[in-house]
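Observations on chain architecture
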Amino acid sequence: MNRQKVFTILIIAFIVILLLREILVGFLTDWWWFNAVDYQAVFLKILSSRVILFIIFALFFLAFFYANLRVVAKRGGGRWREFYSDLQVPGEVLERLRKLIFIGVGAVIAVTLGAWASDRWMVVMQALNAEAFGMTDPLFDKDLGFYVFTMPALVFLKQWCLATLAVTAAAVLLVYWESKALGWAYEKLYVSPRVRLHLIFLASLLFLLLAWHFQLEIYDLLYSRQGVVFGASFTDVHADLWAFRIMIGLSVILFGAMVYGLWKKDFKIPLFAAGGYLVLLVIVTGLFPAAVQQFVVEPNEVTKEREYIEHAIRYTRYGYGLDNIEEHDFPANLTLSPSDLQEYSGTFQNIRLWDWRPLRQTLSQLQEIRLYYRFQNPDVDRYIVNGQYRQVLLAPRELDTSRLAPQAQTWVNLHLKFTHGYGVAMSPVNEVTSEGMPVFFLQDIPPKSDVGMEVTRPEIYYGELTDNYALVNTTEEEFDYPVGEVNATTMYEGEGGVPIGGLWKRLVYALKYGHFKLLISGYPTPDTRLMENRSVARRVQKIAPFLRYDRDPYLVVADGRLYWIIDAYTVTSQLPYSDPSTDGINYIRNSVKVTVDAYNGEVNFYLAEPDPITSTLANIFPDLFHQQSEMPESIVPHLRYPIDLFEMVADKWRSFHMEDPEVFYNQEDLWVKATEVYSGSEVEMASYYIVLSLNESREPEFILMLPFTPVGKNNMVGWLAARCDPEHYGELVLYKFSKQEVIYGPMQIEARIDQDPTISEQLTLWSQQGSQVIRGNLLVIPVGESILYVEPIYLRADRSELPELKRVILSYGPSVIMVEDLQQGLWTILSSGLSEMDPVPITIERPGEEPVILSVPARQAAQAITLYREAQDHLRAGRWAEYGTSMERLERLLEELERNLRSGGGGNN
């Protein structure tokens, strides 16, 4: 073998190695990672499905492609030989080269079409493992599972067959042209009889595929957009449906004509039949439906479309779960009094004053501790704190290595030293210090708590911001947290990551990341583990890419550890008659809850709301899902109805609460999401979590809610609530206001705030003194049978990033007030209709004794509450002497009240 051949072989080998390196490295690292997270069965199922589909479809194409080329290739290369005649190349060499080109082109196309099939592995697997919905479509009476699972696979198969036929036909024409069996002669197209027979054979297959195509088009009418609603309309059913059936018949007739032409070797019949087919195609599928729409439907559209509007309403309500919404009337009376502060204490003690946007800025200034820590958006949750049901805002303190100084962004620092975030900040939503800052249930590093909450494993190796790989258990100790001027260090004690103690794994990962220090440095040890895919969103997406995930993972503290919860959805765009959302889907269920351990990275998928799609997925991946009963009991109380789903449900409810077809057609009762003023601009209200009592027991519960207004108006027509606590999780309730009364909407309350001279004057004064006034979220808070409105006011100096909560605006009935203290403000606004001597209840609690509920004059009760609030402010500020004085005054007042009432015959209510 000469040097030139050796060099050529080496170049080819090098190119092959480069191409295979990416595949081999990707395969090995994925296999090791799936094995480390204990989902290797999922990896193997996906891989085997893709490989099998690739092989089957690639081989089928090759068989069909080469069978057709074999028919024409024997003729030899007329033009091919003429083209190379001047080169004096031997004929057998030219023929060998010609065959190699055929083989190479076929192989490339086979790989392409095989890869296309491989990419559609989930479509095929769902069709093969489909579960029934138990509900049929109104037109063809087929189970909805046929449209969700089987139809996508049939459409793909049809497209693949058409592509295979088109590519093969093009190759056949090219080879016939090259062999001079096809071309121009004497300014006329010349086609040899043999070529005509072959082309008629391919054309007959085309018409067979077209018959199948029109059959699928019939089912596709259930997704039509040409009517007044999504789904088959009057024209679709009475014109397009019959047009497609006619085209199926014509396609079969054309197939028969082609076969007859082949048998008789008569080329005129197929040719004339094909021409007639094209003319009828235009008339039957184009002109006929257009005429029906214009002359039959449009003159009396609402009558003709009534049946199909009913279908759209029914299936849209099913697709988004709207049919499960309970509807109740809400009287919106003005019946609240100070006595209800005790009756609905769970609601009043959890009114959210802290909006996540100013709180995030405040946390950044008070709790990030070091530049390289960062808080994402705080999440709303609820915890039992000192025996009370408390709504809180919680934010993880994650590590952001991009904030390290440029000279500190070394390989060791980025991947071995700064590996994890640390701890959380947790604040009650309704408490504020005298300086306008949040009160903390959890704060600082290491985590501290004044309410008995413990975080025994505060390290965050897996989070929302974490995205680079990390090496743990190396010879380099990890940075743990700052301690004054020095840093505490640690060594990882968990099971997260892929063990890479061996040289082989280190080599593969060095090739993957292009960091050969993984291979040659002395940092790795036999116990070293490599953590990758540390972003919780990317982590769960890699394991189960066939689920859709909520945009907002949230962190919970459970059993002293930190866990991420991610809501996962089963979705489809293939539900007949269901109106699509803006992103194209028309069916969604929050079927799966996913948890990720922030320390170990352990991922678990729990079935929260099994549906036919999750049942189908469970057939494909039997080891993927756990039952929700297997979820740790400490995590279950923190599950919440996800905002992404709620917003989608609310958006559809705006119009699909109208169940009368004529009302729906005219859009007579169309709703919109309420708007509010936030930071000086009118914006659409986002849904918000709140603690309310929705039942007769007055027990507080965590819900997600959103108010609605009529289109073009600002008064409220109702509010939608999603219940989140375990006993009623997932229940949707709509409360409707009477249409005979005007209930103020958020923008009307905003207008009343602007029109109040005292409030507007104060807000203007602050703005003129170098501070930015931030009007927080206006909360619509249902209490009993009444509506209360609360809006926090924040101040931020022009040169500061530290917003302070300064005031709270309350509106109830005709009253609008702005106060410093929420509880005092609630007392004031609910007492506005009382005289000083009207009795109100007040509870006296002493350690070791039963609480005593007394009815006392409103004036004295207000004094007691004022003294209590003063004492709490002194306590939080560390003013111990003033705190003692206020408590002594309060004690004397309560003793006097109790003594007077008992001596006068009063007592327990």
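What counts, and where the lines are drawn
- Residues numbered from 1 in each chain as written.
- Predicted model: local features only at pLDDT ≥ 70, side-chain atom pairs only at ≥ 80, totals over all residues.
- Heavy atoms only, no water.
- Pairing = 2+ DSSP bridges.
- Helix = DSSP H or I, 4+ residues; strand = E, 2+ residues; numbered from the N terminus.
- Core = buried A, V, L, I, M, F, W, Y, C linked by side-chain atoms within 4.5 Å.
- Buried < 20%, exposed > 50% of the residue type's maximum accessible area, 1.4 Å probe, protein only.
- Phe/Tyr/Trp six-rings, centres within 6.5 Å; stacked < 30°, edge-to-face > 60°.
- Lys NZ or Arg CZ within 6 Å of the ring centre and 35° of its normal.

To continue, consider the pairing of strand β12 (residues 486-490). For a regular strand, side-chain orientation follows a simple rule: the groups alternate between the two sheet faces. As defined by bridge partners, strand β11 (residues 478-483) adjoins β12 across five bridges and the pair is classed as antiparallel. Looking at β12, one finds that Y481 is bridged to A488. Here β11 folds back onto β12 in antiparallel fashion, the turn holding two residues, of which G484 has a positive phi close to 65°.

In terms of nonpolar packing, the biggest core is built from 246 residues, with F546, L547, F605 and W719 touching the most fellow members. In terms of residues, this core owes the most to one element, helix α6 (residues 144-178), which gives 13 residues. Residues L399, L414, F418 and Y422 belong to the second largest nonpolar core, which totals eleven residues.

Tallied over the entire structure, the rule returns 45 aromatic pairs. Note on Y461 and Y599: the rings are 5.4 Å apart at their centroids and 80° apart in plane angle, and the pair reads as edge-to-face. Of the two residues, Y461 is situated in the loop between β9 (459-460) and β10 (470-472) and Y599 in the loop between β18 (587-597) and β19 (603-607); the sequence distance between them amounts to 138 residues. Taken as a pair, Y461 and Y599 share a single burial class, namely buried. Between W671 and F708, the ring centres sit 5.5 Å apart and the planes meet at 40°, which makes this aromatic pair tilted. You can see W671 sitting in strand β21 (residues 671-673) and its partner F708 sitting in strand β25 (residues 701-710), a full 37 residues away along the chain. Like W671, the residue F708 is buried in the burial classification. Grouped by ring-pair contacts, the aromatic residues F27, W31, W33, F34 and F43 constitute a single cluster. Positioned over the ring face of W32 is K505, at 5.3 Å from the centre of the ring.

Turning our eyes to something else, we now look at unusual backbone geometry. I445 connects to P446 through a cis peptide bond whose omega is -10°. Tracing the chain through its elements places P446 in the loop between β8 (424-428) and β9. The phi torsion at I369 lies on the positive side, around 70°, for a residue other than glycine. Looking at I369, the relative accessible area reads 37%, which means it is partly exposed. Although it is not a glycine, N533 sits at a positive phi angle of roughly 50°.

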